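# Geometric and topological summary
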Amino acid sequence: MSVYLHDIPLSQAQARLREALQDAGLWRTLGVEEIPLDENALGRVTAEPIWAEISSPHYHASAMDGFAVKAEDTNGAQPSSPIQLIVLRDQLPVQAQYVDTGDPLPEWANAVIPIENVESLDENGKISSIVRGPSSIRIRAAVAPWSHVRPLGEDIVATQLVLPAGHILKPVDLGAIAASGHQSIRVARKPKIAILPTGTELVPIGSKLKAGDILEYNSLVLAAQVKQMGGEPTRFPIIKDDFDLICKRVLEAAQTHDLILLNAGSSAGAEDFSAKVVEKLGTLLVHGVAVRPGHPVILGMVHRELGIGTLVETKSQFTNLPIPIIGVPGYPVSAALTVDIFVEPILAKWLGRRPLELPTETAILTRKLVSPAGDDDFVRVVVGRVEDKLLAAPLSRGAGVITSLVQADGLALIPSGTQGMEAGEKIQVRLYRNRNEIEKTILAIGSHDLTLDLIAQFLAEHDRRLASANVGSQGGLVALRRGEAHLAGSHLLDPSDGSYNISYIRQYMPDIPVKVVALVGRDQGLIVKKGNPKGIKSLGDLAGTGRAGSVKFINRQRGAGTRVLLDYHLNLMTIQAESIAGYSQEEYTHLGVATAVASGRADCGLGIAAAAQALDLDFIPLFQERYDLVIPKQFADDNLLAPLFDLLADLRFREAVSHLKGYDVSVMGALILED
């Protein structure tokens, strides 16, 4: 029987936690502190309205270098009939006075004439080079009252509202507060968040790893999230899987913190103690939330015990009220999303600000997604605009794939009650990137190749982004046919004549003019463990009757060019796919194949030499192929892709690619086909 209490909908889980905080008197701003007005106030949240104590400017100020005058004295001045105004003349009233920008306006003046609009005259009425102290000036245009003057209170009037409570301070806000006469600010106290990583298998960053070790970096990610949200995180040392020790550390953290994030141990394994810890120290509210990823979330309240060692000194700030604790799943993606979903609303309330909201856009899904009907399913996507369509291409959905969050342009939600979505359906996406970045994104869907990562790096120097989704060569051509990408990488072998890509383009994109450019030549072969312990020499060794004995193979997905290449040569050798152990086991990238071999899941897989080199594996070269970029003509001629074509002739880029094992750059940029 599962130890989960039971999965409950996300909205119910959030409501249950909120009610517990309300009952504890914690659904409010935690406290107020007064801090100096300096750059360290940036990002803090105002705890109360800020009212102006003085006006700005607090006097009538000149807005230009020039001469202060009475506007009435300038009436009638024209280019053909200028007026002369006295600046310095014995026993005569002054009609003009020199002022610099920011100088107080003389009491008798109500306008300023810019210096470039006057002619300085000496005592004989002749034009003078003296600017600051001429005897008189000549003007050829009248000025209106209060021209080029900043009147008292132009910017801020004493007693007016400068900033409301709950405002996140920006750089310009600090200037406005200073201008209104303040030297300090009252802001919401930063919530103190304890982050406790648990797990006997965890080791600190920088450790020399052995099999079974897992680098503990979740606490780093969670702390950065908390800091970005306005909290003050504390990362605790790794706690081994010991129930009593975890209880002790949670109690210690509770004395000096407002919220505890207990990372890992939230599932139902033998050493998953988090739920039991919460039950012992307080109240377990929720164990299991209907979200993916992040399913085994724990929500609860634990009681502080004052007087533990020296921590009794903190009781003036931290009372004996219960505090919330969240059991955060151990998988990195689940952990990060749990903080976004559950921690952000709490910190927003404690800081007195509005919850942070990402901009949301409607996009078109590029491929079918299957989802558990009872869960809110959060999907990481890359986003790009192709013609007038905003497209969302799903990334890897594994809860442990933190790079999917790094690569993601946004987060899409498949709501509970939906068993998935079809390609072409509209989906709401919360964008991580701004619209300008999205508009400069080149969307590539197709076959995976390591050079795409290098292209992305070099394009960044030219104000472009490359966002790619790996669906295989055939999948890329289908995406182009549906208008869902700017280009596709492809290396589809035609068994009838040994050519690449052309026949498939005619089959999948018969009515779409294209430009096909060679990117690289590549070595394809068998990726095997270091030292090749199975003694694998050729595809013939993959069959159950092969001389290498039983060999576990890892394949590429259907539609991948590497899969087509494999099937072509198996057919030539009359080897049945059913005779190969692992033929049905699939990966979506060459690095995925290499990783499967390095981890021991497979003995070998067909892939490129560079993938083997990346993971220090051996490589048995078998075939050479050409990898092309297939680009619809309308995009090939677009300015968006211009830097990409420049890159193919860039010597630095060619050199970078040539350092990858098994690559031939002599074909790079060659025009294969242009309709």
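These numbers come from a predicted model, not from an experiment.

## Some remarks on the overall build of the chain
From N to C terminus, the chain includes 17 helices and 38 strands. Computed over the C-alpha atoms, the radius of gyration of the chain is 35 Å, more than 25% above the 26 Å expected from 2.2 N^0.38 for a compact globule of 675 residues. Along the longest, intermediate and shortest principal axes, the C-alpha atoms of the chain span 120 × 75 × 45 Å. By the burial criterion, 51% of the 675 residues in the chain qualify as buried. Of the contacts made within the chain by residues no fewer than 6 positions apart, 76% connect residues no fewer than 24 positions apart. Of the roughly 30500 Å² that the chain leaves accessible, carbon and sulfur atoms contribute 52%.

## Structural notes on the environment of Arg-556
Tracing the chain through its elements places Arg-556 in strand 33 (residues 553–556). Put simply, Arg-556 and Leu-566 are 10 residues apart on the chain and 9.2 Å apart in space, counted from C-alpha to C-alpha. Leaving out residues up to four positions away in the same chain, Arg-556 has contacts with Thr-562, Arg-563, Glu-586, Glu-587, Tyr-588, Thr-589, His-590, Val-593 and Leu-606. At 3.3 Å, the side chain of Arg-556 and the side chain of Gln-557 are in polar contact.

## Focus on the sheet that holds strand 5 (residues 83–86)
The 3 strands are arranged 5-9-8 in an open sheet whose pairing can be described as antiparallel. Two strands close off the open sheet at either side, each with one partner strand: strand 5 and strand 8 (118–121). In this sheet, neighbouring strand axes are inclined to one another by 30 degrees on average, regardless of whether the strands run parallel or antiparallel. Summarising the sheet, strand 8 and strand 9 (residues 136–139) pair through 4 bridges and their orientation is antiparallel. Counted as the bridge partner of Val-118 is Ile-139 from strand 9.

## Side note on the side chain of His-590
Residue placement: His-590 occurs in helix 13 (residues 590–599). The class of His-590 is buried, set by a relative accessible area of 0%. Here Arg-556 takes part through its side chain, which lies 3.5 Å from a polar atom of the side chain of His-590. Once you skip the residues sitting within four places of it in the chain, His-590 turns out to touch His-448, Arg-522, Gln-524, Arg-556, Thr-562, Gly-607, Ile-608 and Ala-611.

## Concerning the packing of aromatic side chains
Following the criterion strictly, the structure yields 3 aromatic pairs and no others. A ring pair is formed by Phe-67 and Tyr-98, whose centres lie 5.6 Å apart and whose planes are at 80 degrees; its orientation type is edge-to-face. One end of the pair, Phe-67, is in strand 4 (residues 66–69); the other, Tyr-98, is in strand 6 (residues 96–99), with 31 residues separating them in the sequence. Ring centres of Phe-458 and Phe-653 lie 5.4 Å apart, and the angle between their planes is 75 degrees; this geometry places the pair in the edge-to-face category. Residue Phe-458 is located in helix 9 (residues 451–459), and its partner Phe-653 is located in helix 17 (residues 651–658); the two are separated by 195 residues in the primary sequence. Judged by relative accessible area, which is 5%, Phe-458 ranks as buried.

## Things to note about the nonpolar core
For soluble globular proteins, nonpolar side chains are generally found buried alongside one another. Formed by 69 residues in total, the largest nonpolar core has its most connected members in Ile-455, Leu-477, Ile-527 and Phe-653. Looking at this core element by element, the count peaks at 6 residues for strand 32 (residues 514–528). Core analysis: the second largest hydrophobic core is formed by 40 residues, Leu-26, Leu-299, Ile-326 and Val-343 among them.

## Things to note about the packing of helix 4 (residues 243–256) against helix 5 (residues 274–281)
Where helix 4 contacts helix 5, the two axes come as close as 10 Å, and the packing angle between them is 55 degrees. It follows from the interaxial angle that helix 4 and helix 5 lie oblique. Helix 4 and helix 5 meet at a crossing whose hand is right-handed. For the pair formed by helix 4 and helix 5, the contact residues are Phe-243, Asp-244, Ile-246, Cys-247, Val-250 and Leu-251 on the first element and Lys-276, Val-277, Lys-280 and Leu-281 on the second.

## Some points on helix 12 (residues 561–572)
End to end, helix 12 covers 17 Å across 12 residues, agreeing with the expected 16 Å (1.5 Å per residue, within 8%). Of all the positions in helix 12, only Gly-561, Thr-562, Arg-563, Val-564, Leu-565, Leu-566, His-569 and Leu-570 are classed as buried. Positive phi appears at Thr-574, one or two residues downstream of helix 12, with a value of about 55 degrees.

## Topic: the environment of His-60
With respect to the helices and strands, His-60 occurs in the loop between strand 2 (50–51) and strand 3 (61–62). With relative accessibility at 34%, the residue His-60 sits in the partly exposed group. Sequence spacing of His-60 and Gln-225 is 165 residues, and the spatial spacing of their C-alpha atoms is 47 Å. Among residues more than four places away in sequence, those in contact with His-60 are Asp-103, Pro-104, Leu-105, Trp-146, Val-149, Arg-150, Pro-151 and Leu-152. Within polar-contact distance, the side chain of His-60 engages the backbone nitrogen of Leu-152 at 3.0 Å.

## Regarding unusual backbone geometry
Going from Ser-56 to Pro-57, the amide bond is cis rather than trans, its omega being -10 degrees. Despite not being glycine, Asp-616 has its phi angle at roughly 55 degrees, a positive value. Looking at where Asp-616 falls in the secondary structure, it is placed in the loop between helix 14 (609–614) and strand 36 (618–632).

## A closer look at the environment of Gln-78
Looking at the element boundaries, Gln-78 is found in the loop between strand 4 and strand 5. In this structure the C-alpha to C-alpha distance between Gln-78 and Arg-44, which are 34 residues apart in sequence, comes to 55 Å. Apart from the residues lying within four places of it in its own chain, the contact partners of Gln-78 are Arg-140 and Ala-141.

About the cut-offs
- Residues numbered from 1 in each chain as written.
- Predicted model: local features only at pLDDT ≥ 70, side-chain atom pairs only at ≥ 80, totals over all residues.
- Heavy atoms only, no water.
- Helix = DSSP H or I, 4+ residues; strand = E, 2+ residues; numbered from the N terminus.
- Rg over C-alpha atoms; globule rule 2.2 N^0.38 Å.
- Buried < 20%, exposed > 50% of the residue type's maximum accessible area, 1.4 Å probe, protein only.
- Contact = heavy atoms within 4.5 Å.
- Areas by Shrake-Rupley, 256 points an atom, 1.4 Å probe, with all protein chains shown as cover.
- Polar contact = N/O pair within 3.5 Å; in protein donor to acceptor, adjacent residues only side chain to side chain.
- Pairing = 2+ DSSP bridges.
- Axes fitted to C-alpha atoms, helices over the stretch in contact; angles between N-to-C directions.
- Phe/Tyr/Trp six-rings, centres within 6.5 Å; stacked < 30°, edge-to-face > 60°.
- Core = buried A, V, L, I, M, F, W, Y, C linked by side-chain atoms within 4.5 Å.
- Parallel < 35°, antiparallel > 145°, perpendicular 65-115°, else oblique.
- Left-handed = near helix turned anticlockwise from the far one by under 90°.
- Expected span 1.5 Å × (residues − 1).

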